[in-house]
Amino acid sequence: MACNKIENRGVSIWDRLFLGLLPGLLVLFTQAATAVTFTVTNTNDNGAGSFRAALDSANAAVEAAEIIFSLPPASIIELATALPTIIAAHPVNIDGGSQVTISGSSLAGSVNGIGMSTPGHTIDGLTITGFSNAGVSIQAADCTVRNSRIGTDGSNTGLGNATGVEVTGAGTGAMIGG
């Protein structure tokens, strides 16, 4: 009988409310932890599947974004015009998988490689060469550059940028290396 007495107590209104909200909360927190992914599928300077298009899409996204590359190893993206600066209000993670070079050697004038002017972005596993200004320009807090080659292709050949990684203004908390 003691078991029946416990079973007959029922579930309180607070328990029902919590149990009713739990699935929705789990979906909300799961969605908040995910990022939209943009995949670079060619080495073109612009157009569908290009790095430039992926940067534009990441800047326009309303949630965290990741840019990945589906290219053969040692691919080179030779730019014809300067890239857009990362201005997204949410984190953008660029994961080159140590297989891609972004080259500015054909650009005229004073040009940075990849610029970050809002906080919290990451560049991981890219080679960035040939820019007349900085290979990477960080102008915002808490941005990271890691596992990347800036100004060299790894063969100890200097392929230059005027500056490797430039941290200016509000670039506090920037992490470079690894």
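Draft legend 1. Fine view of the overall build of the protein chain. When its secondary structure is counted, the protein chain shows three helices and eleven strands. Along the chain direction, N to C, the helices and strands of the protein chain fall in the order α-α-β-α-β-β-β-β-β-β-β-β-β-β. Going through the 178 residues of the protein chain one by one, you find that 36% of them count as buried. Taking the contacts inside the protein chain whose residues are at least 6 apart along the sequence as the reference set, 68% of them involve residues at least 24 apart. Surface accessibility of the protein chain: about 9,600 Å² in total, with carbon and sulfur atoms responsible for 58%.

Draft legend 2. Layout of the pattern of salt bridges. Applying the stated criterion across every chain yields a total of two salt bridges. For the salt bridge of Asp-45 with Arg-52, the shortest nitrogen-to-oxygen distance reads 2.8 Å. Each member of the pair, Asp-45 as well as Arg-52, carries the same accessibility label: buried. For Arg-146, the salt bridge is made with Asp-124, and the minimal N-O distance between the two is 3.4 Å. Of the two residues, Arg-146 sits in strand β8 (residues 144-146) while Asp-124 sits in strand β6 (residues 122-129), which places them 22 residues apart along the sequence.

Rules used throughout
Residues numbered from 1 in each chain as written. Predicted model: local features only at pLDDT ≥ 70, side-chain atom pairs only at ≥ 80, totals over all residues. Heavy atoms only, no water. Helix = DSSP H or I, 4+ residues; strand = E, 2+ residues; numbered from the N terminus. Buried < 20%, exposed > 50% of the residue type's maximum accessible area, 1.4 Å probe, protein only. Contact = heavy atoms within 4.5 Å. Areas by Shrake-Rupley, 256 points an atom, 1.4 Å probe, with all protein chains shown as cover. Salt bridge = Lys/Arg side-chain N within 4 Å of Asp/Glu carboxyl O.

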